[in-house]
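# Examination of the molecular architecture
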Amino acid sequence: MKSQITDEINRIVEVLRNDQSSDGSWDYPFETGIYTDAYMIILLRTLEINDEKLIQDLVERILSRQEKNGSWKLFYDEKNGNLSATVEAYYALLYSGYRDKEDKELVAARRCILAWGGIGKSHMLTKIMLALTGQYKWPAFFPIPVEFILLPVSFPINFFDFSVYGRTNIAPLLILADQKFTMKTKRSPDLSHLFLSRGDAENDEFFLIRSGEWRSFYFFIQQGIKHIIGLPAHIHSLAIQQTKKYILDRIEPDGTLYNYFSSTFLMIFSLLALRHPKNDPIITKAVKGLKGMACQIDGHTHMQYTTANVWNTSLINDALQRAGIPWDDPMIQQANNYLLSRQHSRYGDWVIHNPSGLPGGWGFSDRNTMNPDIDDTTASLRSITHLLRNEPIYRQAWDRGINWVFSMQNQDGGWAAFEKNVDKEIVKFIPIEGAKYLLTDPSSADLTGRTLEFYGNFTNLSKNHIAIKNGVNWLIRHQEMDGSWYGRWGICYIYGTWASITGMIATGVNPGHASVRQSLKWLKSIQNPDGGWGESCYSDINQTYTPLESSTLTHTAWALDALIAASDNVTPEIKKGVKFLLDNSHKKDWTLSYPKGQGMAGGFYIHYHSYQYIFPLLALSHYRNKFLG
């Protein structure tokens, strides 16, 4: 088996060597279904930018993903299909002008939409897009007034109590909802046939306000604004201007808002609402930035939600070095040079809750300059570790990065993704779909576990250091009853459990600890007969582990790596897991493209094209290094 493992490691290394970009990064796609493809068509048609080649390419991409029953899905095993995705695809195809509503593809899609209750049952974010483009009625009541942005951080709840990714989307939405902005063009289709009844078309309550509780809190906010600021007419204008300033101050060099598709889409519409012309330079540059995030997948053009270059590169470069590729190999050096160029020197919103911290983190995407996150920072620090002794510039980067990570630990002992202590309970009750995940950034098992793994394996930090002890205690307190941990950014419980076990073991927790034993028992209990592991995106939706009924390379690598970290000897489960990775390394089926990550509070699921290489390489390297000498 040793030679097979070495052959497979070498195969993956060569694939990665050949796939490295000229700038040293790996630009594997960040694939998110057809949501962004549909929205790009709608955006271009609304702005009357007749980029017919791109629109035609996106039409073909959308049609290539249609199911036999006429629907579109977010993930392979989603029963029947997804209403919102189907509405978005249907609308984009009609608006493109390259499909007619009597075409067989649209007839089949329409049949699904109507069978599922019509357009009025779609997701809140879909309804917002429909309202922006004249296909749905704006609600009379929006749960957050635009004046909310003026409340000081000392107020019991304020704009900076939202997560950064929540704020980035909510800011333009505050303007749009306040203005009840709508823009149609002469090419706008009529989607009224997708409502089951006229009453559905008139229903404006799509913010899930089912009781008077939130209305009471809404008026509490209004009273706070009135008490602190007053409410003369110019205050409303001030709030609009402050919101616009918030947005414009956070535009990245490529013209996008934080390099996110959704926030940039909403930003463009908010500027239109404020009477900016369609050809305004800010809008033109934003569209160019979005186009710059296009990629090719299986011969089709896909609009990425963001790029994942830093994430791909930091993880791949670390995995390559664990596989034995020396730090002075040109492939490693080029990757590290790329990462060094992407370290942040600008202050971002994270400083609001961490005023003593200094910049030094890394972001997720290629063009991000002010929105660092914990995972990308620790992954980048892992990658440059071997350069610290001989390269002063990397030593400086390391010091800045690790100090930033230290400063970002939450009061509860865990680590969140982007910010510090942004987890107020009241925010979760705002009547916005997915508010718990869209508007908060709490400590999570995956971030806490991976940070601990970094501390334990890549620093000289004492295992008794208070940061480590608090992190381990957070994990122990937040373990699920069955022994697993929920991973907020991956799918889902296997991901969180892998991060937690490897983090605890790296920081000195004994494999015999009750928490570790219980988690290992759970992992072994969900191993499939073929030796692999697989988990459904329904785990995220149901908030409980849901098996996929098929094994995937990535889920198997996560589970296997956790077992390897916590085992002194090769167990039957480890043997079977290694065999699955070796036997299925060339398999090309739906399990390869099955999403392994989630975004926008479950609004879409992510297929990371790099994961099929990164995590099998990591697990097999750890197995070889630990058990085969």
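Residues numbered from 1 in each chain as written. Predicted model: local features only at pLDDT ≥ 70, side-chain atom pairs only at ≥ 80, totals over all residues. Heavy atoms only, no water.

### Comments concerning the nonpolar core
If you look at soluble globular proteins, the nonpolar side chains tend to sit buried side by side. Core analysis: the biggest nonpolar cluster contains 205 residues, and Met40, Phe159 and Leu320 have the highest contact counts within it. Ranked by the residues each element gives to this core, the list is headed by helix 4 (residues 83–96), at 10 residues. Sequence-distant contacts of methionine 40, defined by excluding residues within four places in its chain, comprise Leu54, Leu58, Phe261, Val287, Leu290, Lys291 and Met303. (Core = buried A, V, L, I, M, F, W, Y, C linked by side-chain atoms within 4.5 Å. Buried < 20%, exposed > 50% of the residue type's maximum accessible area, 1.4 Å probe, protein only. Helix = DSSP H or I, 4+ residues; strand = E, 2+ residues; numbered from the N terminus. Contact = heavy atoms within 4.5 Å.)

### Focus: helix 20 (residues 493–506)
Taking 1.5 Å per residue, 14 residues should reach 20 Å; helix 20 reaches 20 Å between its end C-alpha atoms and fits that length. Looking one or two residues beyond helix 20, the residue adopting positive phi is glycine 508, at roughly 95°. (Expected span 1.5 Å × (residues − 1).)

### Overview of the packing of helix 1 (residues 2–19) against helix 26 (residues 611–628)
Running from N to C, helix 1 and helix 26 point in directions that differ by 145°, and their axes come no closer than 10 Å. The way helix 1 lies across helix 26 gives a crossing that is left-handed. Contacts between helix 1 and helix 26 pair Lys2, Ile5, Thr6, Glu8, Ile9, Ile12, Val13, Val15 and Leu16 from the former with Tyr613, Pro616, Leu617, Leu620, Ser621, Tyr623, Arg624 and Leu628 from the latter. Tallied by class, the residues present in the contact of helix 1 with helix 26 amount to 12 nonpolar, two polar and three charged. (Axes fitted to C-alpha atoms, helices over the stretch in contact; angles between N-to-C directions. Left-handed = near helix turned anticlockwise from the far one by under 90°. Nonpolar A, V, L, I, M, F, W, Y, C, P; charged D, E, K, R; others polar.)

### Considerations on the side chain of asparagine 584
The topology assignment puts asparagine 584 in the loop between helix 24 (572–583) and helix 25 (590–593). Separated by 2.9 Å, the side chain of asparagine 584 and the backbone oxygen of phenylalanine 580 make a polar contact. (Polar contact = N/O pair within 3.5 Å; in protein donor to acceptor, adjacent residues only side chain to side chain.)

### A closer look at empty space enclosed by the protein
Inspection of every chain in the model, using the stated rule, returns six cavities of 30 Å³ or more. Breaking the lining of the largest cavity down by element, the ones donating at least two residues are helix 7 (164–179), helix 15 (374–384), helix 17 (435–438), strand 6 (597–599) and strand 7 (604–608). The residue makeup of the lining of the largest cavity, split by class, is 19 nonpolar, six polar and five charged. (1 Å grid on protein atoms, 1.4 Å probe; cavity = no way out; pocket = protein on both sides within 12 Å on 5 of 7 lines; lining within 4 Å. Points joined across faces, edges and corners; volume = space filled by probe spheres on them.)

### What to know about helix 13 (residues 309–322)
Between its first and last C-alpha, helix 13 extends 20 Å over 14 residues, near the 20 Å set by a 1.5 Å rise per residue. Counting buried positions along helix 13 gives 14 out of 14 residues, so the element sits mostly inside the fold.

### Things to note about the pattern of salt bridges
For the structure on display, the rule yields 28 salt bridges. With a shortest N-O distance of 3.5 Å, lysine 186 and glutamate 48 are connected by a salt bridge. Of this pair, lysine 186 sits in the loop between helix 7 and helix 8 (198–202) while glutamate 48 sits in the loop between helix 2 (35–47) and helix 3 (52–64), and the two are 138 residues apart along the sequence. With a closest N to O distance of 2.7 Å, lysine 53 and aspartate 57 form a salt bridge. (Salt bridge = Lys/Arg side-chain N within 4 Å of Asp/Glu carboxyl O.)

### Some thoughts on the packing of aromatic side chains
Scanning all chains against the criterion turns up 46 aromatic pairs. On the numbers, 5.4 Å between centres and 75° between planes, the contact of phenylalanine 30 with phenylalanine 364 is edge-to-face. Taken together, the residues phenylalanine 30 in strand 1 (residues 30–31) and phenylalanine 364 in the loop between helix 14 (330–341) and helix 15 connect sequence positions 334 residues apart. Taking the relative accessible area as the measure of exposure, phenylalanine 30 reaches 4% and is therefore buried. By relative accessible area, which is 18% here, phenylalanine 364 ends up buried. (Phe/Tyr/Trp six-rings, centres within 6.5 Å; stacked < 30°, edge-to-face > 60°.)

### Some details on the pairing of strand 3 (residues 300–303)
For strand 2 (residues 294–297) and strand 3, the ladder comprises four bridges, and the chain directions are antiparallel. Counted as the bridge partner of cysteine 295 is histidine 302 from strand 3. Between strand 2 and the antiparallel strand that follows it, strand 3, lie two residues; aspartate 298 among them carries a positive phi value of about 50°. (Pairing = 2+ DSSP bridges.)

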